[in-house]
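Inside the fold
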Amino acid sequence: MSEQETLGLAEEFAHYRRTVLDKVEVPGPAAVRRTVRGRNRRRWGATATTALALFAGSAIGYAAMSGPDHQPGPVDPTPSISVSPTPEGSTSPTPGPSVTTGGPASAVPDGRISRAQLLGASVTLPAWRAGRGCPTSAVRISGDDREGVNWLLALDHGDVDGDGALETVALVQCVLGTGGPMQVVAFDRDEQGKVVTLGRVVATTIDKPQWLFALDVVGDGTVRVQVGDIAPGGGWNAKWSQRQWRGYRWKGDAFAQVSGPTSFGPNPNLADVAVTATDLVLTTADDGSRTGTATVRVRNRGTGPVARVALRLGVPAPVRPDVDGWAPCGGEPQHTSEPVTCDLGRLAAGAEVRLDLSFRVGVGITVGTGKADVDVRPMDSDSDFLPDVNGADNLVQMTYR
């Protein structure tokens with residue numbers, strides 16, 4: 001290259017520096033820091049988005065692992081995420097899905113109430129039947145059987161209304177003398193934890209059932225109650241009452257019977273026996289003793305059989321059972337003191353037994369004229385006396401002479 005050409009090329013480079021490079025800004029320290037901060041913001045935005053997505057997935061998985069007994073709590077709204085301005089030439093970011101924040105789910109109140117808690121609560125009971133009764137409004141149930149109180153006899157728990165939580169079922173009696181009406185009542189709690197009355201399951205009546213013996217809440221929410229036809233008391237033993245298990249279910253606004261018998265048949269222990277007797281006329285026998293025969297009839301007027309019948313004859317001690325007519329009697333009547341007793345066996349409903357009973361008075365013993373009580377009493381299979389529905393015909397008087 002000639003010297004002239006070399007000088008021309010140098011002149012061109014000088015012109016380039018004067019006209020072009022003067023317009024180029026050399027990046028100083030401030031420009032470098034701005035560039036680094038912009039890159040870090042974009043990197044943090046991407047990292048935060050990924051972390052939040054993973055956190056949300058973990059929260060959903062934890063909620064799915066919770067059992068049915070745990071109600072989900074309120075969902076916190078997804079925190080807003082600041083997005084750095086999109087560089088020129090980039091596609092605008094797609095907005096994320098919106099999150100709807102719902103209120104907390106209502107928890108079902110726990111209606112399991114212990115005996116102590118129920119006795120300590122002020123409750124309202126369904127009304128007792130008409131007549132002299134116990135208070136029902138804002139009262140406390142009692143743990144004992146003092147006169148005029150609502151006595152707690154039994155308690156059980158179960159989901160009787162199908163809401164997934166337990167309720168409390170109680171057997172309560174209004175104590176009046178040796179008895180009083182009874183009812184089974186279901187209790188629950190409201191949202192504030194106060195004991196509230198759900199409803200009456202079953203109650204005693206003037207007719208039947210007259211007694212409630214036990215209760216049991218089974219798995220499907222059925223309340224089983226053992227009811228009795230006749231209330232104990234007044235000489236009536238509880239073992240003589242017919243008993244039935246009846247089931248009741250909650251129907252949304254009241255309980256209704258769903259299983260078990262709906263009525264009682266004739267009570268076999270509700271006996272009605274009657275007795276009649278002829279006079280006893282004593283005549284002198286060949287050996288000098290005096291003998292005679294009295295006819296006694298015992299009839300079962302009841303609707304059911306009687307397990308045993310006890311016959312008693314209040315003749316004077318010198319008047320002893322003789323041989324004839326005593327075969328149907330259990331035991332040894334001739335060895336009984338005053339009165340003479342005769343235990344008969346089972347007597348079917350409507351059946352009658354006739355006894356021609358012979359008596360003897362020993363030689364040299366004088367017996368005047370008098371009256372002897374003849375009474376008959378029904379008994380159960382344990383030889384316990386049953387009350388008779390018509391006691392007026394259980395006793396007659398027999399004249400002896």
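In case you missed it, the structure is sitting above this.
This report concerns the structure included in the present document.

Definitions and cut-offs
Counting restarts for each chain: residues are numbered from 1 in the order of the written sequence. Only residues with pLDDT of at least 70 are given local features in this predicted model, and only at 80 or more are side-chain atom pairs given and counted; all residues enter the totals for whole chains, interfaces and linings. With hydrogens and water excluded, all non-hydrogen atoms of the structure serve as input to the side-chain values. Segments assigned H or I by DSSP are reported as helices when at least four residues long, segments assigned E as strands when at least two residues long, and all are numbered from the N terminus. Exposure is judged per residue with a 1.4 Å probe applied to protein chains only, and the accessible area is read against the type maximum: over 50% gives exposed, under 20% gives buried, and values in between give partly exposed. A pair of strands counts as paired when DSSP detects no fewer than two bridges linking them. Structural elements are reduced to axes, namely lines fitted to C-alpha atoms, with helices fitted over the stretch in contact, and the angle between N-to-C directions of any two is expressed from 0 to 180 degrees.

**Some words on the environment of Val323**
Position of Val323 relative to the elements: it lies in the loop between strand E13 (319-321) and strand E14 (340-344). The exposure class assigned to Val323 is exposed, which follows from its relative accessible area of 66%. Sequence separation between Val323 and Ser358 is 35 residues, and the spatial gap between their C-alpha atoms is 6.7 Å.

**Observations regarding the sheet that holds strand E2 (residues 167-174)**
Spatially, E1-E2-E3-E4 is the arrangement adopted by the four strands of the open sheet, whose pairing is antiparallel. Taken across any chain shown, the strands that pair with only one partner, and hence form the sheet edges, are strand E1 (150-158) and strand E4 (195-203). When strand polarity is set aside, the average angle formed by the axes of neighbouring strands in this sheet is 25°. Judged from the seven bridges that link them, strand E3 (residues 182-189) and E4 form a sheet pairing that is antiparallel. If you follow Phe187 over to E4, its bridge partner there is Thr197.

**Comments concerning the sheet that holds strand E17 (residues 395-400)**
Read across the sheet, four strands follow the order E14-E12-E16-E17 without closing on themselves; strand pairing throughout is antiparallel. Every other strand in the sheet has two partners, leaving E14 and E17 as the edge strands with one partner each. With strand direction ignored, the average angle separating the axes of adjacent strands in the sheet is 20°. Across six bridges, the pairing between strand E16 (residues 370-379) and E17 is antiparallel. Paired with Ala372 across the two strands is Met398, which belongs to E17.

**Structural notes on unusual backbone geometry**
Lys208 connects to Pro209 through a cis peptide bond whose omega is 0°. Looking at where Pro209 falls in the secondary structure, it is placed in the loop between E4 and strand E5 (211-217). Pro339 follows Glu338 through a cis peptide bond whose omega is -5°. Among the structural elements, Pro339 can be located in the loop between E13 and E14. Phi is positive for Ala138, close to 50°, though the residue is something other than glycine. Residue position: Ala138 is located in the loop between helix H3 (115-120) and E1.

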